[in-house]
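Structural features, examined
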Amino acid sequence: MKQLQKPEVLAPAGTMEKLKIAIDYGADAVYIGGDAYGLRSRAGNFSFEEMQAGADYAHAHHAKVYVAANIVAHEGDLAGAGDYFRQVRDHGIDAVIVSDPSLVETAITQAPGLAVHLSTQASATNWETLNFWQDEGLERIVLAREVGVAEIKEIRKHTDIEIEAFIHGAMCIGYSGRCVLSNHMGLRDANRGGCAQNCRWKYDLFEMPTLGDHESLLGQNSQGKTEDFSMSAVDMSMIEHIPDLVEAGVNSLKIEGRMKTVHYVSTVANVYHKAVADYCADPEHYTLDPKLVDELWKVAQREMSTGFYYGTPDENDELFGQRRKRPRYKFVGQVLAYDSATHTVTVQQRNNFGIGDKIEFYGPEFTHHEQTVADLYDEDGVAIERAPHAMQVVTFTCDTPVAKGDFIRAQEVKRPVSAR
Amino acid sequence: MTEIIASVASIEQAEALMAVGVDTIYAGEDYFGLRLPHSFDRTELADLIKVVHQAGKKIQVAVNAIFHNDRIVHVADYLNYLAAQNVDRVTIGDPGAIRILQKEALSLPYWYDGADLVTNSRQVNFWAAHGAQGAVIANEVPYKELQALVPNLEVPIQILTYGAANIHQSGRPLLTNYFNYVQTYQDRMDREKGLFISEPRKPETHYSIYEDINGTHVFATNDVNLMPRIQAVYDLPITHWFLDGLYADKIGFVKVAKAFVQARDLLAQGQLTSMIVADLDQIVRANQPQNREVDTGFFDIDPADVK
């Protein structure tokens with residue numbers, strides 16, 4: 001049977017809760033932000049103590065933790081960087097992800113023993129660039145999202161440095177790092193965590209022979225309405241092409257989204273873990289389970305495409321016109337306990353749900369169970385119709401055994417406002 | 001001595017620019033270089049280099065594209081060609097191209113040009129330690145940061161003192177995609193087409209946008225003109241002033257260059273006054289294309305105001 005190098009599934013972890021969930025749901029590694037040098041200023045970034053706790057949890061589950069320190073630093077930002085990287089190393093972190101060469105150099109020279117990965121922000125797109133950074137002592141390169149599968153195969157022939165590639169999530173429309181729209185339109189530094197996602201704004205597009213003399217070139221969409229110009233990419237999903245990435249020699253499959261929810265992290269990590277494990281276990285007989293694709297759509301925020309992996313994206317890879325309507329799912333609770341004698345599940349509520357709602361339980365290793373809520377009791381055993389309170393603990397009947405920690409989602413339904 | 005570098009759209013323009021005192025001509029081919037007023041093929045470039053060297057001036061060639069595999073394999077040959085033509089320096093932004101330059105052991109000085117990514121002295125010095133003889137500083141580094149940055153430099157930096165400031169590069173054909181979506185035919189999407197975008201609810205903004213073989217490029221709403229602050233640039237000191245004629249009027253650009261040369265010469269003599277600066281600034285503004293404005297870009301932004 002064909003021997004394959006099984007790549008790691010690398011998931012985002014904006015908080016300690018997400019770190020644990022990502023690992024529980026199959027991530028082989030997670031990436032987090034620290035208090036400094038990261039690009040997600042609004043994510044729940046980790047203190048050194050939290051890094052240690054996260055690393056301890058990960059290592060106990062044979063997983064790794066990487067810290068993103070991928071800002072493009074300005075003068076004065078770099079004071080204390082050496083000490084920061086030493087602290088990161090000494091708190092159990094397996095690698096740092098950096099893009100600014102000054103931070104690369106600092107990490108390598110001042111924190112020996114700490115593995116350094118080059119961020120996608122550095123736009124590495126050819127094997128000579130990968131070899132340059134390998135010569136500098138880096139262990140891994142996160143490729144630019146503009147690199148295709150055929151290019152990765154060619155790169156792999158010319159280098160043995162580890163390759164990491166994005167497989168899922170939101171995408172920059174430009175070469176990552178080569179965009180300062182946010183700086184110029186709102187004094188928010190895109191390369192220091194301030195990106196305002198100006199690419200997703202709606203713009204006028206025009207010729208202007210003289211100042212102020214706009215001759216708009218905006219066209220109409222299929223609904224006959226004026227379509228603004230935008231530079232907004234649909235999200236990436238490579239779930240249907242895992243074999244290609246494994247065969248191309250990618251060592252790490254990266255999921256975007258340190259700002260995303262527990263629902264997203266658990267679902268996406270679960271799906272890709274399953275697909276990669278299934279393919280690597282038996283590549284000759286592997287077929288993609290359509291349920292995996294369905295799962296991803298349940299947490300999708302936008303339509304999805306394969307980005308640059310199979311050619312330059314066209315208009316179908318951008319968000320124009322009306323969004324396609326699709327069912328939206330919400331995370332409604334987490335299983336605290338299951339009593340197999342009474343077929344009763346105890347649940348901590350995360351979103352309003354109640355009797356009559358169709359819900360889905362899902363857990364690590366892709367366990368899955370759907371049912372309609374037929375009864376519902378509060379903590380005192382009093383029958384209730386709905387569980388409206390955040391973190392409320394409730395019980396209800398569930399004939400299929402579920403496990404502690406399993407999540408519950410439900411399709412979002414717009415309920416009519418009841419008359420008062 | 002301050003060196004004035006100007007991009008060129010033609011050999012004739014290069015001759016005119018050198019005649020008014022420009023020291024270094026910046027050119028290249030868009031297969032290897034980014035956002036050039038003209039893509040000089042090798043025959044044209046050889047002719048240009050000859051003219052520049054005959055004038056006793058220097059030639060700086062752009063090799064600053066983001067190279068994918070299909071192009072990186074041609075970089076060695078191109079660098080060898082440029083070295084054989086005695087090109088005075090190249091600008092490079094892709095570390096893979098630097099690796100090739102060093103493997104080939106060519107007598108071809110390079111300056112690092114990573115566009116908006118070059119924002120601190122330690123990064124510049126990193127490239128200096130890897131052979132760079134200078135670096136192109138990002139347009140987003142304000143004066144207050146430059147005051148702290150410049151004393152820490154081990155090599156000189158080049159700053160955009162006049163011209164369009166690039167703020168976005170996409171690998172996607174964003175204009176083609178849009179027009180395909182709305183099913184509107186456009187004869188061209190290149191720089192000559194003269195397209196702009198404006199922000200929502202800010203019709204007064206006008207960001208230039210175009211497509212070429214390197215993707216889609218967007219530029220700041222106003223061109224940079226550091227003439228009002230040229231004394232400060234000189235005093236920092238920043239010794240390499242770049243004038244980019246990408247969107248300039250071809251004749252007007254020469255007048256703009258002449259104004260900066262005058263400013264440079266008067267500064268060297270200690271004779272530049274605020275009145276002269278005002279006059280020179282007026283020359284720059286008078287020679288702007290009628291659909292473009294100028295300001296000092298990020299130079300006078302307070303770093304504390306940037307989130």
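Residues numbered from 1 in each chain as written. Chains lettered and ligands numbered in written order. Predicted model: local features only at pLDDT ≥ 70, side-chain atom pairs only at ≥ 80, totals over all residues. Heavy atoms only, no water.

Scanning chain B from N- to C-terminus turns up 10 helices and 14 strands. Relative to the compact-globule value of 19 Å for 307 residues, chain B shows a C-alpha radius of gyration of 19 Å, a close match. In terms of principal-axis extent, the alpha carbons of chain B reach across some 50 × 50 × 40 Å. Here chain B, with 307 residues, has 65% of them falling under the buried criterion. Across chain B, contacts joining residues at least 24 apart in sequence account for 66% of those joining residues at least 6 apart. (Helix = DSSP H or I, 4+ residues; strand = E, 2+ residues; numbered from the N terminus. Rg over C-alpha atoms; globule rule 2.2 N^0.38 Å. Buried < 20%, exposed > 50% of the residue type's maximum accessible area, 1.4 Å probe, protein only. Contact = heavy atoms within 4.5 Å.)

Turning to the overall build of chain A, a few remarks are in order. Summing up its helical and strand segments, chain A has 10 helices and 22 strands in all. Rg of the C-alpha trace for chain A: 23 Å, near the compact-globule value of 22 Å for 420 residues, within the 12% margin. For chain A, the share of sequence-separated contacts (at least 6 apart) that also reach a separation of at least 24 residues comes to 68%. Counting only carbon and sulfur atoms, one obtains 47% of the accessible surface of chain A, whose full area is about 16,900 Å². On chain A, the mean spot of the 41 positive side-chain charges and the mean spot of the 61 negative ones are 5 Å from each other. (Areas by Shrake-Rupley, 256 points an atom, 1.4 Å probe, with all protein chains shown as cover. Lys, Arg positive; Asp, Glu negative; His and termini not counted. Charge placed at Lys NZ, Arg CZ, Asp CG, Glu CD.)

Our next topic: the packing of aromatic side chains. Centre distance and the angle of the planes are the two values used to describe a pair of aromatic rings. Evaluation of the coordinates by the stated rule reveals 34 aromatic pairs over all chains. Taking the centre distance of 5.4 Å and the plane angle of 5° together, the rings of A:Y25 and A:F407 count as stacked. Placement of A:Y25 in the loop between α1 (16-24) and β2 (29-33) and of A:F407 in strand β22 (residues 407-411) is noted, with a sequence separation of 382 residues between them. You'll find A:Y25 and A:F407 in the same group, each marked buried. Here A:K254 stacks its cationic end above the ring of A:Y31, 4.4 Å away from the centre of that ring. The ring of B:Y247 has B:R292 sitting right over it, with the charged end atom 4.0 Å from the ring centre. (Phe/Tyr/Trp six-rings, centres within 6.5 Å; stacked < 30°, edge-to-face > 60°. Lys NZ or Arg CZ within 6 Å of the ring centre and 35° of its normal.)

Below, the discussion takes up the domain arrangement of chain A. For chain A, the assigned domains read domain 1 (8-174 + 233-317), domain 2 (203-231) and domain 3 (329-411). Computed from C-alpha coordinates alone, the two centres of domain 1 of chain A and domain 2 of chain A are separated by 37 Å. (Domains from an automatic or database assignment.)

Turning to the interface of chain B and chain A, a few remarks are in order. In many reports, interface size means the accessible area that the parts give up when they come together. Counting from both sides, the interface comprises 76 residues of chain B and, opposite them, 78 residues of chain A. A buried area of about 6,800 Å², summed over both sides, lies between chain B and chain A, and 59% of it is on carbon and sulfur atoms. Between A:E128 and B:R99 there is a salt bridge, and its shortest N-O distance comes to 2.9 Å. In this structure, the connection of chain B to chain A is made through 40 residue pairs in polar contact (both at pLDDT 80 or more). Contributing elements (two or more residues each) for the side of chain B that touches chain A: α3 (69-84), α4 (95-104), α5 (121-129), α6 (143-149), β8 (166-170), α7 (174-181), β9 (195-199) and β10 (202-212) of chain B. (Buried area = accessible area lost by both parts, 1.4 Å probe. Salt bridge = Lys/Arg side-chain N within 4 Å of Asp/Glu carboxyl O. Polar contact = N/O pair within 3.5 Å; in protein donor to acceptor, adjacent residues only side chain to side chain.)

Moving on, we come to the packing of helix α3 (residues 81-90) of chain A against helix α4 (residues 101-110) of chain A. Pairs of packed helices are described in terms of their axes, by the angle between the two and the distance that separates them. All names here are of chain A. Closest axis-to-axis distance for the α3/α4 pair is 9 Å, and the angle between their directions is 60°. The orientation of α3 with respect to α4, classified from their angle, is oblique. In terms of crossing hand, the pair formed by α3 and α4 is right-handed. Of α4, the residues touching α3 (which contributes A81, G82, F85 and R86) are L103, T106, A107 and Q110. (Axes fitted to C-alpha atoms, helices over the stretch in contact; angles between N-to-C directions. Parallel < 35°, antiparallel > 145°, perpendicular 65-115°, else oblique. Left-handed = near helix turned anticlockwise from the far one by under 90°.)

With the rule as written, the count across this model stands at 35 salt bridges over all chains. A:D135 serves as the salt-bridge partner of B:R99, at 3.1 Å between the closest nitrogen and oxygen. Within this pair, whereas B:R99 is found in helix α4, its partner A:D135 is found in helix α5 (residues 127-135), the two belonging to separate chains. Judged by relative accessible area, which is 18%, B:R99 ranks as buried. Overlapping salt bridges, with partners in common, bring together A:E8, A:R140, A:E162, A:E164 and A:K254 in one network.

Residue and element names in this part refer to chain B. Splitting chain B by domain gives domain 1 (3-165 + 223-305) and domain 2 (174-212). Taken together, the contacts link 9 residues of domain 1 with 6 residues of domain 2. Both faces considered, domain 1 and domain 2 share a buried interface measuring about 700 Å² in area, 40% of it formed by carbon and sulfur atoms. On the surface where domain 1 and domain 2 come into contact, there are 0 salt bridges. Taken together, the residues that form the side of domain 1 that touches domain 2 break down as 4 nonpolar, 2 polar and 3 charged. (Nonpolar A, V, L, I, M, F, W, Y, C, P; charged D, E, K, R; others polar.)

Next up on the list: the environment of A:L205. Relative to the elements of secondary structure, A:L205 occurs in strand β8 (residues 204-207). Measuring from C-alpha to C-alpha, the distance between A:L205 and A:L217 comes to 5.7 Å, with 12 residues separating the pair along the chain. If we ignore the near neighbours within four places in the chain, the residues touching A:L205 are A:E215, A:S216, A:L217, A:L218, A:F229, B:L175, B:Y178, B:F179, B:L195, B:F196, B:I197 and B:I209.

Among the nonpolar cores identified, the biggest contains 209 residues, and A:F85 and B:L48 are the most heavily contacted of them. Considering each element in turn, this core owes the most residues, 11 residues, to helix α9 (residues 262-281) of chain A. Beyond its immediate chain neighbours, meaning those up to four positions away, A:F85 contacts A:A69, A:V96, A:V98, A:L103, A:T106, A:A107, A:A111 and A:L114. In this structure, A:V345, A:V347, A:F361 and A:C398 belong to the second largest nonpolar core, which totals 18 residues. (Core = buried A, V, L, I, M, F, W, Y, C linked by side-chain atoms within 4.5 Å.)

Spatially, 6 strands are ordered β9(A)-β8(A)-β9(B)-β10(B)-β11(B)-β8(B) in an open sheet, and the strand pairing comes out antiparallel. The open sheet is flanked by β9 (215-216) of chain A together with β8 of chain B, the only strands paired with a single partner. By the bridge criterion, 2 bridges tie β8(A) to β9(A) in an arrangement that is antiparallel. Paired with A:E207 across the two strands is A:E215, which belongs to β9(A). Most of the contacts of α7(B) go to β10(B), to which it runs at about 105°, and overall it touches β8 of chain A together with β8, β9, β10 and β11 (215-219) of chain B. (Pairing = 2+ DSSP bridges.)

Before going further, it helps to spend a moment on helix α2 (residues 42-54) of chain B. Residue and element names in this part refer to chain B. With 13 residues, α2 extends 18 Å from end C-alpha to end C-alpha; this agrees with the ideal 18 Å at 1.5 Å per step. Between a side-chain oxygen at the N-terminus of α2 and the backbone nitrogen of T43 the separation is 3.1 Å; the capping residue is D41. Phi for G56, located one or two positions after α2, is positive at around 75°. (Expected span 1.5 Å × (residues − 1).)

All names here are of chain A. Across the sheet, which stays open at both edges, the 6 strands sit in the order β19-β18-β22-β15-β16-β21 with antiparallel pairing between neighbours. Whereas interior strands pair on both sides, the edge strands pair on one side only; in this sheet they are β19 (367-372) and β21 (393-397). Strand-to-strand twist across the sheet, computed as the mean angle between neighbouring axes with direction ignored, equals 35°. Bridge count for strand β15 (residues 329-339) against strand β16 (residues 344-349) is 6 bridges, and the pairing is antiparallel. When the bridges of β16 are listed, D339 appears paired with T344. Set on the sheet, α9 makes contact with β15, β18 (358-363) and β22; between it and β18 the angle comes to about 60°.

Quick look at the environment of B:P228 now. Looking at the secondary structure, you find B:P228 in the loop between β12 (223-225) and α8 (230-235). B:P228 sits 217 residues away from B:I11 along the chain, and the two C-alpha atoms are 30 Å apart.

This next bit is on the side chain of B:D244. Residue and element names in this part refer to chain B. Tracing the backbone shows D244 in the loop between β13 (240-243) and α9 (250-268). There is no salt bridge for the buried D244, and the closest opposite charge comes from R35, which lies 7.0 Å off by N-O distance. At 2.9 Å, the side chain of D244 and the side chain of S7 are in polar contact. Polar contacts involving the side chain of D244 include one to the main-chain amide nitrogen of L246, which spans 3.1 Å. Setting aside residues no more than four positions away along its own chain, D244 makes contact with S7, P37, L160, Y162, G163, A164 and F253.

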